[in-house]
Amino acid sequence: MEGMKPYALCIFCNFCAAGFNIISKVSLDNGMSCYVLVVYGHVFGTLTTALLAFLFESYGFSVYLFQ
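Source: prediction; values computed, not measured.

K.L.:
What's the story with the pattern of salt bridges in this structure? I'm lost.
P.N.:
Here the structure, examined in full by the defined rule, presents one salt bridge. One salt bridge in this structure joins aspartate 29 and lysine 25, with 3.4 Å as the shortest N-O distance. With a gap of four residues between them, aspartate 29 and lysine 25 both fall in helix 1 (residues 5–29), about one helical turn apart. Residues aspartate 29 and lysine 25 agree in their burial class; the two are exposed.

In structure tokens form, the structure reads like this:
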């Protein structure tokens, strides 16, 4: 099971990318500006990265997660 972590992470990332593509298509079809969509994507990415960085630093997780 330990060797499956990278593959599971890759599949999870693909599902996230597919979800973002679906949300983008629906949003753009409903009249959202492409510039606003890009800003929302960057804001979501920034907040997600900040949250993960805070959790990893506060709980002392190792940088090397897959070792």
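K.L.:
Help me out: how do you make sense of a nonpolar patch on the surface in this one?
P.N.:
On the surface, Leu51, Leu52, Phe54, Leu55, Phe56 and Tyr59 cluster together to form a nonpolar patch covering roughly 620 Å² of accessible area. Relative to the helices and strands, leucine 55 is located in helix 2 (residues 34–58).

Reading guide: rules and limits
Residues numbered from 1 in each chain as written. Predicted model: local features only at pLDDT ≥ 70, side-chain atom pairs only at ≥ 80, totals over all residues. Heavy atoms only, no water. Salt bridge = Lys/Arg side-chain N within 4 Å of Asp/Glu carboxyl O. Helix = DSSP H or I, 4+ residues; strand = E, 2+ residues; numbered from the N terminus. Buried < 20%, exposed > 50% of the residue type's maximum accessible area, 1.4 Å probe, protein only. Patch = residues over 30% accessible without salt bridge, like charges linked within 9 Å, V, L, I, M, F, W, Y side chains within 5 Å. Areas by Shrake-Rupley, 256 points an atom, 1.4 Å probe, with all protein chains shown as cover.

Geometry only, nothing functional implied.
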